[in-house]
Amino acid sequence: MSNSILAAISPLVADDLDTLLENDDNRRAARMGKAIMPEVLPHLLTAGYRNEQTVCIGVHLKEAPEFPSRLALKLATVSAQNNVEVIILSEPEYSRLEPYGFRTERVCGATKVEKEACLKQLSSFWMLQVVLTV
Amino acid sequence: MLLIVSTSDEKSDFEVLAVVADQLQAIGLEPRIAMCGAVLELSRNAQFDLAPFMADELAGPEDTVLLIGSNKITDAASIRLRAPLRHAGRVIAIGSFETIQSRISVRAALSYLTKSRPEVLSVPDDQGALPVFGVDCGKGMRRGSRKAVIIHDPEPGNPEDKALIDALFWSETLEPVILCHSAVKSEFTKNYGPALRCYHHYEIMPRHVTSLADMVIMRGEKANGYRNMALIANCLESGVPVMANRLKHSPNWIMRLPNSADAALRMIDRDLLGNEEMIREELAAVKRPELDAGLLALLGQTRKVKKDTKRAGIIYMPTNGVGLGHAQRCSLVAAQMREQKPVFAAFPSCMRMLQGYGFDVMPLVSRSPHHGQEHDNDMINRARLDALSADGGTLVFDGGYVFDSILRVISDRRMNGIWIRRGMWQAGQDNSIALDREKIFSKVIVPNEAFDELNESYSEGAHIHNIGPIVQQTNITPAKHTHLRNCLAAKYGEFDKLVVTMLGGGVAADRSIQMSVLANMLEERRGVLHLVVTWPTALVPPTLAACSNTHVVRTHHASVLASIADLYISAVGYNSFHEAMYNRLPTIFMAQMNSFMDDQHKRASAAVKRGLADMVDPEDYSHLLGQISLHLDSGYGSDIRMALAEINLPQPGNADAARLILGGK
C-alpha cells in the first residue's frame, strides 16, 4: 500500500470552483449542515485482519494540512519503513490525504463525550494501539 | 446502566442475550451486554444482533447487573466475572433454582464476586434459565390493507402448510408472512418470489415479528427456544391472536386452528377479522406468569412500552456506489422536505456535499480491505444507525444492495423503511438478496428512466411506486451563463468553446488514459478551455498538468459547470444522464461498465438513437476525435440542444418521491 501511495504523491491539486458555482446550485442552503455523531458503542466483535501480519496506526488529524503532499510523504515514509498501514482519523471534512490513497475516517460529535466515543469506536474497529495526533 | 452478564461464554448463550436486551430496551431500559473479553466465533446474524448492545465497561456503583445463568456458575466463570461485577451497585442473579440450597449456594458464590447483596430470581428450567417476558410491540408499518398472518415454522414439503400458504397468498384480505428456519427459507422464496415476505428466525427479533403481525399461526409441534417464547409472550401483550393445530403443551389462550386451509380461513374470517378490539380485551384478561411480574418489579419497570425520547424523524442513507449518484438523488428528494429536517447517514466522501445542501450528516464507515470479515464495517454502521434512529422514524435507503445494517435497523427499531431503487440492473446480475430484503420496506420508490424502453419491473405489489426521473434541473439564465463564462475566462484566459469532462469516480474503470487522450486532442485547438472535473477525494492525474488549455477542477456543483459547457463528455450514471437530457446539454457519453453497476451502455444508446446525444466506446479514440470535431467545428451541439428542446420528457419525480416518503399515496 505505501508504495502505491508514494507513487501517487504530487503537489498538484485541483482548482476549487465551489465559490464560483455554488450560488447557482438550487439545492444550496443558507446554512451548512453539521457533521453529527450520536454517542456510539465500541466495536468488540471484530474477527481481526485478513492478514495476521497487518498492523495499523492511527493519525488523528485536527486540521486539514496546508500542504497535503508534504504530510502524505511523511506518513507514507513511516508506513513503508515500519510496514504499517496508516489510518487517518480526520476532524476536518476532508483530510486532503484521500487523493493519495490514505484511508480516512471522519471523527465528529457535538460534545466531547460523543467525539471520544467516536474515536474509541474507530480505534476498536481498526485495532489501533498507537494514535498520533497531528 | 443495566449490564447483562452471562455466566456462560458459550456461543449459543451469547446469541440469545441480544434478544433479552432487545426486549428490555422495549420497556425503556438501556441494556448493555458485557462482552467480558469473550472472543467468539459468532454467526453473522448474531453479530448484527449484538452490535447495538456490546459494552466493554465494568459495572459501577450506579449500575445494575442482570446475571444470566446464575445456577450454572463455575469456578472459571467466577474468575472471568470478578472484574465486571466487583463494583456493581446491584446484582440480580437469574437462573433455575429448584431448592433453597441452590439459592443459598449461588448467593454465597456471588458474595465473593460483588460487594452488593445479590438478589435472586428463579425461572423455570424449561425456559433455559432465561427470563421470558412479553412487551407490547405496537403495530409496525403496513404495506397495504391486507392483514399480515405470520406462519411460524411451516415445512416446505408439507401439503397442509402449502395449502395454507397458497390460500393466504391469493387472499384479498390476508397476507402470509413466513417465519422459518434458515435452512428451509430458500424453498419458500424460490417458489413464491419476493411477493412472499419470508424471514428466518435469526434475521428478525421477536419484537419486530410481533409488530408486523395481525395474527400468528404456529405450524410446528414445539415453540421452544427463547426467541419463540418471547414471540408468544409478546403476542399476548400486544393483543395479537395466536393459533396452532400441532403445538404441544400450549397455553390455553392459544386458539385451535382447523387442519384444512379452507376451514382455517373460514375461522379467521368468522372469528378474527373485524374483532381486533374484542380480541385485545380477551388477551389482556389472560393471567400472566408470575415470573414476568417478578422480573419487571425487580427492574422497577412496567410492561408498557416507553416512548423513545429521540426525535422520530427522517434519515436518508445513500450507498456510496461507484459515484455519488445515490447521495445526489437523495439530496434532491430531501430538499423537497426541508421543514421535516431530514438528516443523512452517509459515507465520508459524500458528507461535505450533503452538508453544503444544508443537511446534518452522520458519517458511516466504508468496507475495509484489511478486515477478515467483510461485514465488519457494516456492524459499525449498524451500531451508528441504531444510535441515530428512533422507534417509529423513517429510514430512506437509496442503493442496490440492502446491507445487513439497513435490514437490522429498520427491523429492530421498527422504522418505516423506504427504498429508492433505480433500475437498469444488468442482465445476469444476481439480485436475489436485494429482492429478498425488499420485504423490510413499506414502499419501494422506483425513479423511472426518461425513456420507456429502459424501465423494467423487478417486483410487483401495491408497495411499488413508479415515479418520474429524479433529476436536478439547473436554471442558468443567459446573463448568468455569460457571467460564469467570463469568470472562467478571467481565471484561465479567454476562450470560445468550453469542454467539461466528467468521467466518473474511477472505481469501475480507470479513466486516466481517456482523460489524457482528451487533453491531448484538445491541446491543439485554439480557443478551447477544457475543464476536467474530479471529486475532492480523487487524485489529480499528473499527465494533465502539462497541457496548457486543460485544467483539473474540483467542485460540489458540477451540474452548474456542465450547464454552461459547449460540449460535455460524461459517464452515463443515472444522474449525469438525466441532467444532460433535462438541462439540454450537448453530450458525448462514455459508459462505465462493470458487473455490479447499472447498464450505462443501454442507457446512453436510448438517447443516441433519438439523436439526443453521442456515445463513444472508451478505447475508440478515432471515433472520439471525430465526435469532438463534429461538436466543436460544425455546430452539431446546437442541433442536439434543439432536439432536446423539442422532445417531451416525463415530469420529474422529485416532489412525488418526497410526497410518498411523507406518507402520501
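Residues numbered from 1 in each chain as written. Chains lettered and ligands numbered in written order. Predicted model: local features only at pLDDT ≥ 70, side-chain atom pairs only at ≥ 80, totals over all residues. Heavy atoms only, no water.

Side note on the overall build of chain B
- Looking only at helices and strands, chain B has 24 helices and 25 strands in total.
- The dimensions of chain B, computed from C-alpha atoms along their principal axes, are 95 × 60 × 40 Å.
- Long-range contacts, defined here as pairs at least 24 residues apart, represent 71% of the contacts in chain B between residues at least 6 apart.
- Taken as a whole, chain B presents about 26,200 Å² of accessible surface, with 50% of it coming from carbon and sulfur.
- When the 70 positive and 75 negative side-chain charges of chain B are each reduced to one mean point, those points stand 4 Å apart. (Helix = DSSP H or I, 4+ residues; strand = E, 2+ residues; numbered from the N terminus. Contact = heavy atoms within 4.5 Å. Areas by Shrake-Rupley, 256 points an atom, 1.4 Å probe, with all protein chains shown as cover. Lys, Arg positive; Asp, Glu negative; His and termini not counted. Charge placed at Lys NZ, Arg CZ, Asp CG, Glu CD.)

What about the overall build of chain A?
- Secondary structure assignment for chain A yields 4 helices and 5 strands.
- In chain A, the order of α-helices and β-strands from amino to carboxyl end is α-β-α-β-α-β-β-α-β.
- Overall, the C-alpha framework of chain A stretches about 50 × 40 × 25 Å when taken along its three principal axes.
- By the burial criterion, 54% of the 134 residues in chain A qualify as buried.
- Sequence-distant contacts in chain A: of pairs separated by 6 or more residues, those separated by 24 or more amount to 70%.
- For chain A, the exposed surface amounts to about 6,700 Å²; the carbon and sulfur share of it is 51%. (Buried < 20%, exposed > 50% of the residue type's maximum accessible area, 1.4 Å probe, protein only.)

Section: the packing of aromatic side chains
- A complete count under the given rule lists 11 aromatic pairs over all chains for this structure.
- An aromatic cluster is present here, built from Phe397, Tyr401, Phe403, Trp419 and Phe441 of chain B joined pairwise through their rings.
- Over the face of the ring belonging to Phe67 of chain A we find Arg70 of chain A, whose NZ or CZ atom lies 3.9 Å from the ring centre.
- For Arg329 of chain B, the ring lying beneath its charged end belongs to Tyr574 of chain B, and the centroid distance is 5.0 Å. (Phe/Tyr/Trp six-rings, centres within 6.5 Å; stacked < 30°, edge-to-face > 60°. Lys NZ or Arg CZ within 6 Å of the ring centre and 35° of its normal.)

Section: the sheet that holds strand β2 (residues 31-34) of chain B
Residues and elements named next belong to chain B.
- The sheet built from 6 strands is open, its strands ordered β3-β2-β1-β4-β5-β6 with parallel pairing. Looking at strand neighbours, the two that pair on one side only are β3 (54-55) and β6 (119-122), the edges of this open sheet.
- Pairing of β2 with β3 involves 2 bridges; the strand directions are parallel. Paired with Ile33 across the two strands is Met54, which belongs to β3.
- Contacts between helix α3 (residues 75-86) and the sheet are confined to β1 (2-6) and β4 (64-68), with β1 contributing the most and set at about 175° to the helix.
- Here helix α4 (residues 100-113) sits on the sheet and contacts β4, β5 (90-95) and β6; the angle it forms with β6, its principal contact strand, is near 140°. (Pairing = 2+ DSSP bridges. Axes fitted to C-alpha atoms, helices over the stretch in contact; angles between N-to-C directions.)

Here we look at the pairing of β6 of chain B
Residues and elements named next belong to chain B.
- As defined by bridge partners, β5 adjoins β6 across 4 bridges and the pair is classed as parallel. Residue pairing in the sheet places Ala93 in a bridge with Val120 of β6.
- A crossover connection joins β5 to the parallel β6 through α4; in handedness this β-α-β unit is right-handed. (Right-handed = clockwise from strand over helix to strand, strands pointing away.)

Quick look at the nonpolar core
- Core analysis: the largest hydrophobic core is formed by 92 residues, its most contacted members being Trp253, Met317, Leu395, Ile406 and Phe441 of chain B.
- For this core, the element with the highest residue contribution is helix α4 (residues 112-126) of chain A, accounting for 6 residues.
- Discounting chain neighbours no more than four positions away, the residues touching Leu395 of chain B are Ile315, Met317, Leu385, Ile406, Val409, Ile410, Met415, Asn416, Gly417 and Ile418 of chain B.
- Membership of the second largest hydrophobic core comes to 45 residues, among which are Ala46, Leu66, Ile68 and Ala129 of chain B. (Core = buried A, V, L, I, M, F, W, Y, C linked by side-chain atoms within 4.5 Å.)

Brief notes about the interface of chain A and chain B
- Listed by partner, the interface residues are 57 residues for chain A and 76 residues for chain B.
- Both faces combined, the contact of chain A with chain B buries some 5,800 Å², and carbon together with sulfur accounts for 60% of it.
- The largest per-residue losses of area from chain A upon contact with chain B belong to Arg27, Leu45 and Tyr94 of chain A, which jointly make up 15% of the total buried on that side.
- Summed over the shared surface of chain A and chain B, the result is 5 salt bridges.
- For the pair chain A and chain B, the interface holds 32 residue pairs in polar contact (both at pLDDT 80 or more).
- Of all the secondary-structure elements, those providing two or more residues to the side of chain A that touches chain B are β1 (15-16), α2 (18-21), β4 (103-106) and α4 of chain A.
- When residues of the side of chain A that touches chain B are assigned to their parent elements, the largest contribution, 6 residues, is made by α4 of chain A.
- Among the residues making up the side of chain A that touches chain B, the classes are represented as 29 nonpolar, 9 polar and 19 charged.
- Summarising the sheet, β1 of chain A and strand β22 (residues 550-554) of chain B pair through 2 bridges and their orientation is parallel. (Buried area = accessible area lost by both parts, 1.4 Å probe. Salt bridge = Lys/Arg side-chain N within 4 Å of Asp/Glu carboxyl O. Polar contact = N/O pair within 3.5 Å; in protein donor to acceptor, adjacent residues only side chain to side chain. Nonpolar A, V, L, I, M, F, W, Y, C, P; charged D, E, K, R; others polar.)

Details of the pattern of salt bridges
Residue and element names in this part refer to chain B.
- Per the stated rule, a full pass over the model turns up 43 salt bridges over all chains.
- Among the ionic pairs, Arg90 bridges to Glu119, the shortest N-O distance being 2.9 Å. Linking Arg90 in strand β5 with Glu119 in strand β6, this pair joins segments that are 29 residues apart in sequence.
- Take Arg90: its relative accessible area is 26%, and that puts it in the partly exposed class.
- Asp436 is the salt-bridge partner of Lys185, the closest N and O atoms lying 2.7 Å from each other. You can see Lys185 sitting in helix α6 (residues 182-192) and its partner Asp436 sitting in helix α16 (residues 432-436), a full 251 residues away along the chain.
- By sharing partners, the salt bridges in this structure join Glu160, Asp161, Arg219 and Arg246 into a single network.

What about α6 of chain B?
Residue and element names in this part refer to chain B.
- If you check which residues of α6 are buried, you get Lys185, Phe188 and Tyr192. On an axial view of α6, the arc spanned by its buried residues comes to 70°, and they lie on one face. Set apart from the buried face of α6 by more than 90 degrees, the exposed residues are Ala183, Lys190 and Asn191.
- Close packing links the buried residues of α6 with α5 (159-169), β8 (174-180), β9 (197-200) and α16. (Arc of directions from axis to C-beta.)

Here's the deal with the confidence of the model for chain B
- When pLDDT is averaged along chain B, the result is 89, and 95% of the positions lie at 70 or above.
- Here the predicted complex scores 0.91 on pTM and 0.96 on ipTM. (pLDDT = per-residue confidence, 0-100.)

A few points about the environment of His249 of chain B
- Here His249 of chain B shows up in the loop between β11 (242-244) and β12 (255-256).
- Sequence separation between His249 of chain B and Ala223 of chain B is 26 residues, and the spatial gap between their C-alpha atoms is 9.4 Å.

Details of the sheet that holds strand β10 (residues 215-218) of chain B
Residues and elements named next belong to chain B.
- Read from one edge of the open sheet, 6 strands run β9-β8-β7-β10-β11-β12, paired in parallel fashion. Two strands in the sheet have a free side with no partner beyond their single neighbour: β9 and β12.
- Contacting β7 (147-152), β8 and β10, α5 crosses the sheet at an angle of about 140° to β8.

Digging into unusual backbone geometry
- One non-glycine residue, Met127 of chain A, lies in the positive phi region at around 55°.
- Tracing the chain through its elements places Met127 of chain A in the loop between α4 and β5 (131-133).
- Met127 of chain A gets classed as partly exposed once you look at its relative accessible area, which sits at 26%.
- The backbone of Arg414 of chain B shows a phi angle near 50°, a positive value even though the residue is not glycine.
- Note on placement: Arg414 of chain B falls in the loop between α15 (404-412) and β17 (416-420).
- Taking relative accessible area as the criterion, Arg414 of chain B reaches 12% and is therefore assigned buried.

With respect to the environment of Ile513 of chain B
- You can see Ile513 of chain B is positioned in helix α18 (residues 512-523).
- With 389 residues separating them along the chain, Ile513 of chain B and Pro124 of chain B place their C-alpha atoms 71 Å apart.

Here we look at the environment of Ile4 of chain B
All names here are of chain B.
- Secondary-structure assignment places Ile4 in strand β1.
- Each C-alpha atom, one on Ile4 and one on His465, is 43 Å from the other, the two residues being 461 residues apart in sequence.
- Excluding residues that lie within four positions of it along the chain, Ile4 makes contacts with Leu17, Val20, Ala21, Leu24, Pro31, Arg32, Ile33, Ala34, Leu66 and Ile68.

Some thoughts on the pairing of strand β3 (residues 85-90) of chain A
All names here are of chain A.
- The buried fraction of β3 amounts to 6 of the 6 residues, a majority that puts the element mostly inside the structure.
- The side-chain alternation of β3 yields two buried faces, one formed by Glu85, Ile87 and Leu89 and the other by Val86, Ile88 and Ser90.
- Bridge count between strand β2 (residues 56-61) and β3: 6 bridges; the pairing is parallel. In the strand pairing of β3, Ile57 is matched with Val86.
- On the question of chirality, the crossover connecting β2 to the parallel β3 by way of helix α3 (residues 68-82) is right-handed.

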